[in-house]
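An overview of the molecular structure
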Amino acid sequence: MQAATHETLDIEAIRRDFPILDQNVNGKPLVYFDNAATTQKPLPVLNALTRYYEGYNANIHRGIHHLAEKATSAFETSRRTIQQFLNAGEVEEIIFTYGTTDGINLVAQTYGRRFLKEGDEIIISTMEHHSNIVPWQMLCEEKGCVLKVIPVNDAGELILEEYEKLLSERTKFVSVVHVSNALGTINPVQTIIEKAHAVGAKVLIDGAQASSHIDIDVQALDVDFYVFSAHKLYGPTGMGVLYGKRALLEAMPPYRGGGEMIKEVTFEKTIYNDIPYKFEAGTPNIADVIAVQSALEYMETLGKNNIAAYEHGLLEYATDALSSIEGLRLVGTAKEKISVLSFVIDGIHHQDTGVILDQQGIAVRTGHHCAQPLMRRFGITGTSRASFAVYNTREEIDRLVEGLHRVRKMML
Amino acid sequence: MTINEKQDEIIDEFDLFDDQLDKTQYIIDLGKKLPPMPGQYQTDDNLIRGCQSKVWLHSESRGERVHFEADSEPTAQISKGLVSLLIRILSDEKAEDVASADLYFIDRIGLGNLVTSRRAGGLASMIQQMKQFATARINQKSNVEQAS
């Protein structure tokens, strides 16, 4: 299947769609392996942004002139494209946010504040990004809820037996990451959701890392809330999506007040708008919402399964290649992984690894990856992380391996 | 040797290397020569804020001069090298000179983002703490003189 995939995807042609890749950094051709932080943007996305600002920039929904209608139409078409991307039942269940973090905060501050009370339990996991820890801690502080944490095993997989032990009639909410940003682990979210629903808890899945690698079907998952960011799936920064089931979104109070989210305002009382607009106060990020449609279409053209299979090939190749480096230890060796490789090298600080790779034109991420509790679980302060996207190649992985040999030679 | 003479000497040393990797290797080698810091100085109070790696700074007055010792966690060798340069330039200099020092060597040794990325964080905090200690020493001295 992979051989067929390699034939299906013309990686050289794909690379030409990403002009940023064609540059030297510190005198060497750029190798961009920081895709889990943000992916680069293909020409169709860049062109969509330019087309909008050159051709039909206008504020949406209320204008009656030509440009406003065109912008509104493109904006709402993007919402429908995202509905299809997630296989959401209704277009009104798609709320535009500023990103994954914003989506989680929205749910914590609206659903959480309205429906959770003292003594209720919220379950997260050890491998959460800080953005799926802190909003719940803030809610717990305010409401007197209790935060429970699913542990992970040495491979970086959630221990489901422990999750089951945490579940009880006190569990009111479960918020878990679909794919770990620091380890690449793909979590069995279907099982997690089913078990949470069995005790009557609602579930949010943080799809920041999953959305560009895995097919997502919110109806099949029966998930209550799903959040992701556009910039991690070849789209622009500052734009994200919250999917929520209609009944839940309708029951939730608004998050921010302002224009767009109202039906009628008097000084005595304001009548709020319907979903999705109830949660979209103020002028939204129109250009980026429109451009994300191009990102999704781009992925669709390549085929998400093709992308996943190609990236899996890169992951296997890199896992083998890096394992040959003396003193290098992979952190996160789950059976189910996306194309993320986190590693430490004996005797070498991850920051130094990152600096010396950068001097060789190779961009990786170093540090705790906004997952300090997870780092503590593994007894480390951070890792170096190489994360691959569809435009990366085996030749680039060879450059990383050479680069790491150079790091060892300089340091040890 | 004055603070600026020491900076000029360091700039000349780095000028011998064209390649950033060679310059970085030189930094690492300098770090390896930094005398280890006595364990009793590796306290939480002496930790520099803003570093990705652990770096400790110990400061003390010696007459009219200020003396600094510093170290990083063993694996953080680039930090250790940068720290060793600051110690070489500022330690055992007069408090007035440390407080008013213009550390132009940072921009002139040609290490680009290796140094600049740290200027916003740990390196800047370390320089600030060294200067603050020197300034406090000057103020203390002038208070004593006024009192007498």
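Quick caveat: nothing in here was measured; it's all calculated off a predicted structure. Every chain is numbered on its own, with residues counted from 1 as its sequence reads. Both sets of labels track the order of writing: A upward for chains, 1 upward for ligands. Local features in this predicted model are restricted to residues of pLDDT 70 or higher, and side-chain atom pairs are both shown and tallied only at a pLDDT of 80 or more, whereas totals for entire chains, interfaces and linings draw on every residue.

**A word on the overall build of chain A**
Put simply, DSSP marks the helices as runs of H or I at least four residues long and the strands as runs of E at least two long, and each gets a number from the N terminus on. Scanning chain A from terminus to terminus reveals 15 helices and 17 strands. By principal-axis analysis of the C-alpha atoms, chain A measures approximately 70 × 55 × 40 Å. Within chain A, contacts between residues separated by at least 24 positions form 70% of all contacts whose residues are at least 6 apart in sequence. Any two residues are considered in contact once their C-beta atoms, placed from the backbone, lie within 7 Å.

**Concerning the interface of chain A and chain B**
Contacts between chain A and chain B engage 13 residues on the former and 13 residues on the latter. Looking at the side of chain A that touches chain B, the elements that each hand over two or more residues are helix 13 (350-358) and helix 15 (394-411) of chain A. Residue contributions to the side of chain A that touches chain B peak at five residues, all from helix 13 of chain A.

**Things to note about the confidence of the model for chain B**
Think of pLDDT as the predictor's per-residue confidence, scored from 0 to 100. Of the residues in chain B, 93% reach a pLDDT of 70 or more, and the chain-wide mean stands at 89. Complex prediction metrics read pTM 0.92 and ipTM 0.87.

**Considering the environment of A:Thr72**
Residues and elements named next belong to chain A. Turning to its location among the elements, Thr72 is positioned in helix 4 (residues 66-86). Sequence spacing of Thr72 and Asn59 is 13 residues, and the spatial spacing of their C-alpha atoms is 7.8 Å. Dropping the residues within four chain positions of it, Thr72 is found in contact with Ile60 and His61.

**Details of the sheet that holds strand 3 (residues 93-94) of chain B**
Backbone hydrogen bonds hold the strands of a sheet together, and the pairing may be parallel or antiparallel. All names here are of chain B. For two strands to be treated as a pair, DSSP must find no fewer than two bridges joining them. Read across the open sheet, the three strands follow the order 1-2-3; overall the sheet is antiparallel. What marks the edges here is a single partner per strand, and that holds for strand 1 (55-62) and strand 3. Relative to strand 2 (residues 65-72), strand 1 is paired through eight bridges, and the arrangement is antiparallel. From the neighbouring strand, Arg62 faces strand 2, where its bridge partner is Arg65. The strands touched by helix 3 (residues 77-90) within the sheet are strand 1, strand 2 and strand 3, with strand 2 carrying the most contacts at an inclination of about 170°. Interaxial angles span 0 to 180 degrees and are taken between N-to-C directions of axes, which are lines fitted to C-alpha atoms, for helices over the stretch in contact. Sheet contacts for helix 7 (residues 122-147): strand 1 and strand 2; angle to strand 1, the most-contacted strand, approximately 15°.

**Description of the nonpolar core**
Residues and elements named next belong to chain A. Buried Ala, Val, Leu, Ile, Met, Phe, Trp, Tyr and Cys residues form a nonpolar core when they are connected through C-beta atoms within 7 Å. For every residue, the other C-beta atoms within 10 Å of its own C-beta are counted; 20 or more classify it as buried, 12 or fewer as exposed, and values in between as partly exposed. C-beta atoms are placed from the backbone. In terms of nonpolar packing, the biggest core is built from 144 residues, with Val203, Tyr226, Tyr243, Ile290 and Ala295 touching the most fellow members. Looking at which domains feed residues into this core, each of domain 1 (2-41 + 303-411) and domain 2 (46-300) gives three or more. With sequence-adjacent residues up to four places away left out, Val203 is seen in contact with Val174, Ile192, Ile193, Ala196, Val223 and Asp224. Here the limits of each domain have been adopted from an automatic or database domain assignment.

**A word on the domain arrangement of chain A**
Size of an interface, as often reported, equals the accessible area lost when the parts are brought together. Residues and elements named next belong to chain A. Each domain of chain A was delimited in the assignment, giving domain 1 (2-41 + 303-411) and domain 2 (46-300). On a C-alpha basis, the centroid separation for the pair domain 1 and domain 2 is 28 Å. Each partner contributes to the interface: domain 1 provides 26 residues, whereas domain 2 provides 30 residues. Only helix 12 (304-323), strand 14 (340-345), helix 14 (372-377) and strand 17 (383-387) provide two or more residues apiece to the side of domain 1 that touches domain 2. The element that contributes the greatest number of residues to the side of domain 1 that touches domain 2 is helix 12, accounting for four residues. Only Asp, Glu, Lys and Arg are considered charged, only Ala, Val, Leu, Ile, Met, Phe, Trp, Tyr, Cys and Pro nonpolar, and every remaining residue, Gly among them, polar. Residues that form the side of domain 1 that touches domain 2 fall into these classes: 11 nonpolar, eight polar and seven charged.

**A short note on the pairing of strand 8 (residues 202-206) of chain A**
All names here are of chain A. Burial within strand 8 is extensive, with five of its five residues counted as buried. Side chains Lys202, Leu204 and Asp206 of strand 8 all project onto a buried face; the interleaved residues Val203 and Ile205 project onto the opposite face, where all are buried too. Pairing geometry for strand 7 (residues 171-177) and strand 8, over five bridges, is parallel. For Val176, the partnering residue across the bridge sits in strand 8 and is Ile205. Between strand 7 and its parallel partner strand 8, the chain crosses via helix 8 (residues 189-198), and the hand of that crossover is right-handed. Across three bridges, the pairing between strand 8 and strand 9 (residues 225-229) is parallel. Note on strand 9: the bridge partner recorded for Asp206 is Val227. By convention, orient the strands away from the viewer: a clockwise path from the first strand over the helix to the second makes the crossover right-handed.

**Some words on unusual backbone geometry**
The step from A:Ile275 to A:Pro276 runs through a cis peptide bond, and the omega angle for that step is 5°. If you trace the backbone, A:Pro276 turns up in the loop between strand 12 (270-272) and helix 11 (286-302). Phi angles above zero are rare outside glycine, and A:Cys370 is one such case at about 55°. Considering the arrangement of structural elements, one finds A:Cys370 in the loop between strand 16 (365-367) and helix 14. Even without being glycine, B:Asp92 reaches a positive phi, approximately 65°. The residue B:Asp92 is located in the loop between helix 3 and strand 3 in this model. Of the residues examined, B:Asp92 has 13 C-beta atoms within 10 Å and is grouped as partly exposed.

**Considerations on the sheet that holds strand 16 of chain A**
All names here are of chain A. Strands sit in the order 13-14-17-16 across an open sheet of four strands; the sheet is antiparallel. Only two strands of the sheet have a single partner each, and these edge strands are strand 13 (328-330) and strand 16. Averaged over all pairs of adjacent strands, the angle between their axes in this sheet comes to 30°, without regard to strand direction. Note: strand 14 against strand 17, four bridges, orientation antiparallel. Within strand 17, the position partnered with Val340 by the bridge is Ser387.

**Here's the deal with the packing of helix 1 (residues 3-15) of chain B against helix 3 of chain B**
Residue and element names in this part refer to chain B. Where helix 1 meets helix 3, the axes come as close as 8 Å, and the angle between the chain directions of the two elements is 145°. Note on element contacts: helix 3 touches helix 1 through Leu85, Arg88, Ile89 and Leu90, opposite Ile3, Lys6, Gln7 and Ile10. Looking at the contact of helix 1 with helix 3, its residues break down into five nonpolar, one polar and two charged.

**Things to note about the packing of helix 4 of chain A against helix 11 of chain A**
All names here are of chain A. At a closest axis distance of 8 Å, the pairing of helix 4 and helix 11 adopts a crossing angle of 45°. Between helix 4 and helix 11, the angle is such that the two are oblique. Handedness of the helix 4/helix 11 crossing: left-handed. On helix 11, the residues touching Ala71, Ala74, Phe75, Thr77, Ser78, Thr81 and Phe85 of helix 4 are Ile286, Val289, Ile290, Val292, Gln293 and Leu296. When grouped by side-chain class, the residues that make up the contact of helix 4 with helix 11 number nine nonpolar, four polar and no charged. By the definition adopted for this analysis, an angle is roughly parallel if under 35 degrees, roughly antiparallel if over 145, roughly perpendicular if from 65 to 115, and oblique otherwise. Helix crossings fall into two classes, left-handed where the near helix is turned counterclockwise from the far one by less than a right angle and right-handed where it is turned clockwise.

**Considering helix 7 of chain B**
Taking 1.5 Å per residue as the helical rise, helix 7 of chain B with its 26 residues ought to reach 38 Å, and the 37 Å between its terminal C-alpha atoms agrees with that figure. Those residues of helix 7 of chain B not exposed but buried are B:Gly122, B:Leu123, B:Met126, B:Met130, B:Phe133, B:Ala134 and B:Arg137. A helix is expected to reach a length of 1.5 Å times the quantity of its residues less one.

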